[in-house]
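# Observations on chain architecture
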Amino acid sequence: GTTTRTADMAFYDGDDDSDIQFYASTTGSAGLEVKTNQKLYVWPGAHFIASGTVQINGNASGTSLTDGSFHLASSSSYTAGGETRVAGSFTASSTAVFNHREYQLLFNASTTGKYINASLESLGSTTFSGSGGGWTFATTSTTTNFTIAQGTVTGPASRLVITGDYTNSGGV
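Predicted model, so just to flag it, every value in this text is computed and none were measured. (Residues numbered from 1 in each chain as written. Predicted model: local features only at pLDDT ≥ 70, side-chain atom pairs only at ≥ 80, totals over all residues. Heavy atoms only, no water.)

Here Ala10 lies in helix H1 (residues 6–10). Between the C-alpha atoms of Ala10 and Tyr23, which are 13 residues apart in sequence, the distance is 7.0 Å. Apart from the residues within four sequence positions on either side, Ala10 is in contact with Ala24 and Ser25. (Helix = DSSP H or I, 4+ residues; strand = E, 2+ residues; numbered from the N terminus. Contact = heavy atoms within 4.5 Å.)

Okay, unusual backbone geometry next. The backbone of Ser75 shows a phi angle near 60°, a positive value even though the residue is not glycine. Looking at the secondary structure, you find Ser75 in the loop between strand S7 (69–72) and strand S8 (77–79). Here the phi dihedral of Arg101 falls at roughly 50°; this positive angle occurs in a residue that is not glycine. For Arg101, the position within the fold is in the loop between strand S11 (97–99) and strand S12 (105–107).

Mapping Ala138 onto the fold places it in the loop between strand S14 (126–137) and strand S15 (141–143). Discounting chain neighbours no more than four positions away, the residues touching Ala138 are Ile116 and Asn117.

Quick look at the pairing of strand S3 (residues 31–34) now. Pairing geometry for strand S2 (residues 22–25) and S3, over four bridges, is antiparallel. Paired with Phe22 across the bridge in S3 is Val34. As judged from the four bridges shared by S3 and strand S6 (residues 53–56), these two strands associate in the parallel manner. The residue of S6 that forms the bridge with Leu32 is Val54. (Pairing = 2+ DSSP bridges.)

This part is about the pattern of salt bridges. Under the counting rule described, the total for this entry stands at one salt bridge. Close ionic contact of Arg85 with Glu83 constitutes a salt bridge, the shortest N to O distance being 2.5 Å. (Salt bridge = Lys/Arg side-chain N within 4 Å of Asp/Glu carboxyl O.)

Don't take any of this as a statement about function, it's just geometry.
Below you can see the structure in the form of structure tokens.
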């Protein structure tokens, strides 16, 4: 499959044309910022290698399938280059690869109805920090550190494996 890097997207982005739904940079504050009402979708068999923080903006109420969401299709992969911030839901095919590279996965919605449907090897260090946010795990998942700073998280009906620290200042 194809490999896309942040640098490929920085060549021509929302700074060049406001109709393009993202901003990308490899200098200064390197990273990718996806505009609201959009989602980051890695196509089947494709690979995305991030440089710096990836911020997927959004905050639609309810279960919007696009606003602020992140989707890894079948046989796709994502390699983090910094913190990954998701304002919506997170979905990954069971054949997808999420390479967190020890960077944090941060869920920061301030509305409820978000879900995590990702039977991956590990989500890595996962933090929920949206005041008023609400997330539900749809499938068995594994994390290293698991922090609920704000908001409410509902675990899966099966199991949630935490191989590191668990901190809860929000709600379960």
